[in-house]
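One-letter residues, chain by chain:
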Amino acid sequence: MSQTPHIFEINGVQSFQQLVIDNSFHTPVLVDFWAEWCAPCKALMPLLAKITEEYGGALLLAKVNCDVEQDIVASFGVRSLPTVVLFKDGQPVDGFAGAQPESAIRAMLEPHVQLPATPEGDLFESAQALYAEGRFAEAETQLKALLGEDNSHAQALILYARCLAERGEIAEAETVLGAVQGDEHKQALAGARAQLTFLREAGQLPDTADLKARLAQNPDDDEATYQLAIQQLARGQHEAALDALLKLFIRNRNYADGQPHKTLLQVFELLGTAHPLVTTYRRRLYQAIY
């Protein structure tokens, strides 16, 4: 891993004193106790580096090779690897042992160090990127901060509603969407409403395993095909759902008053016209119709 001004190796007890203890009086320092033979350590390293860099100097990362720095390891009683300890004001204040998910690491850091302020545009773009990566809770946190400054920000309201929907807060998401004013973001609003529709419908349907079992016995079961597609849409499995809906439309376009066609159009709204799946399946739908 390449070194940056915010990430460094510890070389000896004096180095630890200067770079960790002394530094921690003005900047929190995350100390990563690792070893060359430890596979979880190596998996954790790039994640710690990424998080550290996001703080833009408000957090430092010190790496301690436990096979080399045995005096330091002994002084802190490190018994398992990886072990990560956060130092602040010269003292260890938090930490964890063993590999942890990114969300848990960020939650550990949150009470002790603040992410740098981000301009409004960058904050929304960052929330969009987090949402796209499936990091809904983090996206929601950033959107709350943005909406605290401007509660009429239409794009932020729409994305915030989608984050709420991802954790099952359908009614609250609908309330948030109701606060969106104007027609400027009509398509994004329609997409968010489609997402709520699919999640609400999925809650009333048989579970995925039962539907798959029905289709294993009868692949032409139109009801099971449609209901499974709705379950897939509720879980973000868009390609599988689009494929099933299109095949159902071709096989029985009049199923449930043309519901496969209507649902395909809803998915196009959900994903947006620029999405590659929309481009592909809109063309296939056109070919099936004409």
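Before reading further, recall that the structure is shown in the block above.
Because the structure is predicted, anything quoted here is derived from the model rather than measured.

Moving on, we get to unusual backbone geometry. The omega angle of the peptide bond from Leu81 to Pro82 is -5 degrees, so this bond is cis rather than trans. By the element assignment, Pro82 lies in the loop between α3 (70-76) and β4 (83-88). Even without a glycine there, the phi angle at Asp89 is positive, about 55 degrees. Phi is positive for Asp257, close to 60 degrees, though the residue is something other than glycine. Tracing the backbone shows Asp257 in the loop between α12 (238-251) and α13 (259-271). Judged by its relative accessible area of 69%, Asp257 is exposed.

This part covers the state of the cysteines. If you walk through the whole model with that rule in mind, you get 1 disulfide. Sulfur-sulfur distance for the disulfide between Cys38 and Cys41 comes to 2.3 Å. Sign of the S-S torsion, about 80 degrees for the bond between Cys38 and Cys41, identifies this disulfide as right-handed. In this structure, Cys38 and Cys41 share a single accessibility class: buried.

Turning next to the sheet that holds strand β2 (residues 29-34). In space, the 5 strands of this open sheet follow the order β1-β3-β2-β4-β5, with mixed pairing throughout. Two strands lie at the open edges of the sheet, namely β1 (7-9) and β5 (91-97), each paired on one side alone. If you compare each strand with its neighbour and ignore which way they point, the axes differ by 20 degrees on average. Two elements, β1 and strand β3 (residues 60-65), share 3 bridges in a ladder whose sense is parallel.

Attention now goes to the packing of aromatic side chains. Inspection of the entire model under this criterion finds 6 aromatic pairs. Centre to centre, the rings of Phe16 and Phe87 are 5.8 Å apart; their planes meet at 85 degrees, and the pair counts as edge-to-face. Here Phe87 lies in strand β4 and Phe16 lies in helix α1 (residues 13-22), a separation of 71 residues in the sequence. For the residue pair Phe16 and Phe87, the accessibility class agrees, reading buried in each case. Its end group placed over the ring of Tyr281, Arg284 keeps NZ or CZ at 4.9 Å from the ring centre.

Conventions adopted
- Residues numbered from 1 in each chain as written.
- Predicted model: local features only at pLDDT ≥ 70, side-chain atom pairs only at ≥ 80, totals over all residues.
- Heavy atoms only, no water.
- Helix = DSSP H or I, 4+ residues; strand = E, 2+ residues; numbered from the N terminus.
- Buried < 20%, exposed > 50% of the residue type's maximum accessible area, 1.4 Å probe, protein only.
- Disulfide = S-S within 2.5 Å.
- Pairing = 2+ DSSP bridges.
- Axes fitted to C-alpha atoms, helices over the stretch in contact; angles between N-to-C directions.
- Phe/Tyr/Trp six-rings, centres within 6.5 Å; stacked < 30°, edge-to-face > 60°.
- Lys NZ or Arg CZ within 6 Å of the ring centre and 35° of its normal.

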